[in-house]
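Residues per chain are reported as follows:
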Amino acid sequence: MGISSLKLLKYVLFFFNLLFWLCGCCILGFGIYLLVHNDFGVLFHKLPSLTLGNVLVIVGSIIMVVAFLGCMGSIKENKCLLMSFFVLLLIILLAEVILAILLFVYESKLNGYVAEGLTDSIHRYHTDNSTKAAWDSIQSFLQCCGVNGTSDWTGKVPDSCPAGQQVKGCFVKAKLWFHSNFLYIGIITICVCVVQVLGMSFALTLNCQIDKTSQVLGL
């Protein structure tokens with residue numbers, strides 16, 4: 001692999017990471033938008049900071065930092081930045097594998113925790129405006145009612161619930177959607193892992209090639 005191949009590889013890695021940096025910007029922007037305009041976090045009173053907005057802000061920030069290291073390391077042919085990029089991608093990949101295993105092992109406990117948190121938030125529907133707004137938004141968007149059905153509501157059923165006696169609960173409907181789209185979610189997850197492995201391979205190859213080129217040029 002000569003100098004021309006080195007240039008090709010570094011530009012491929014640069015544009016590869018530039019694309020991901022832009023994706024990270026979009027995810028971060030959407031997360032900030034949700035934090036400003038969304039109150040879904042109040043549904044889980046015990047963990048109010050565990051919201052979709054916060055998760056997207058963290059994920060978007062991590063993607064931007066990692067992609068920035070990849071961009072600068074490739075275009076500047078900086079071995080330190082390239083290895084930092086490689087190590088961070090490896091850590092993220094291992095964290096994803098561990099998280100997937102934990103979700104699989106503790107799926108029932110997680111379902112119980114989510115159902116408990118949602119049920120607890122129903123009791124605060126009439127006393128907390130942010131909780132009321134969150135439930136109304138979810139029920140209108142998903143066309144569901146309560147956690148497991150209309151029976152979860154004591155007294156008058158909220159107007160945001162769709163009409164009908166056979167309306168599914170929001171938690172039940174979310175689980176059905178997840179199971180029905182499990183194949184697509186799995187394909188997307190595998191694609192993300194493959195892209196990460198490719199990024200690590202490019203970074204490691206470029207790092208080794210920089211050494212070889214330096215030896216050829218006598219640097």
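If you're wondering where the values come from, they're calculated on a predicted model, not measured in any experiment.

Conventions adopted
- Residues numbered from 1 in each chain as written.
- Predicted model: local features only at pLDDT ≥ 70, side-chain atom pairs only at ≥ 80, totals over all residues.
- Heavy atoms only, no water.
- Axes fitted to C-alpha atoms, helices over the stretch in contact; angles between N-to-C directions.
- Helix = DSSP H or I, 4+ residues; strand = E, 2+ residues; numbered from the N terminus.
- Left-handed = near helix turned anticlockwise from the far one by under 90°.
- Contact = heavy atoms within 4.5 Å.
- Nonpolar A, V, L, I, M, F, W, Y, C, P; charged D, E, K, R; others polar.
- Core = buried A, V, L, I, M, F, W, Y, C linked by side-chain atoms within 4.5 Å.
- Buried < 20%, exposed > 50% of the residue type's maximum accessible area, 1.4 Å probe, protein only.
- UniProt positions renumbered as here; feature names shortened; annotations may be inferred.

Report on the packing of helix H2 (residues 52-75) against helix H3 (residues 79-105), specifying residues and quantitative values.
As a packed pair, H2 and H3 sit with axes 8 Å apart at the nearest point and diverge in direction by 150°. Of the two possible hands of crossing, H2 and H3 adopt the one that is left-handed. Contacts between H2 and H3 involve Ile 62, Val 66, Leu 69, Gly 70, Met 72, Gly 73 and Ser 74 from the former and Leu 81, Leu 82, Ser 84, Phe 85, Leu 88, Leu 89 and Ile 92 from the latter. Across the contact of H2 with H3, the residue classes break down as ten nonpolar, four polar and no charged.

Which residues make up the nonpolar core, and what values do they have?
One finds Leu 43, Leu 118, Trp 135, Val 147 and Trp 153 to be the most contacted residues of the largest nonpolar core, which totals 17 residues. The set of elements that each furnish at least two residues to this core consists of helix H4 (107-122), helix H5 (129-142) and helix H6 (170-180). Apart from the residues lying within four places of it in its own chain, the contact partners of Leu 118 are Leu 43, Phe 44, Trp 135, Val 147 and Phe 171. Counting 15 residues, the second largest nonpolar core, distinct from the first, contains Leu 9, Val 66, Leu 82 and Ile 210.

How would you explain the UniProt feature "transmembrane region" (unreviewed entry) in the protein chain if you had to name every residue and give the values?
Taking the UniProt record as the reference, the feature "transmembrane region" (unreviewed entry) is found at residues 12-35, 47-69, 81-106 and 182-206. Measuring from the first to the last C-alpha atom of residues 12-35 gives 35 Å, for a span that is 100% helix and 0% strand. Between the C-alpha atoms that bound residues 81-106 there is a distance of 37 Å. The span itself is 96% helix and 0% strand.

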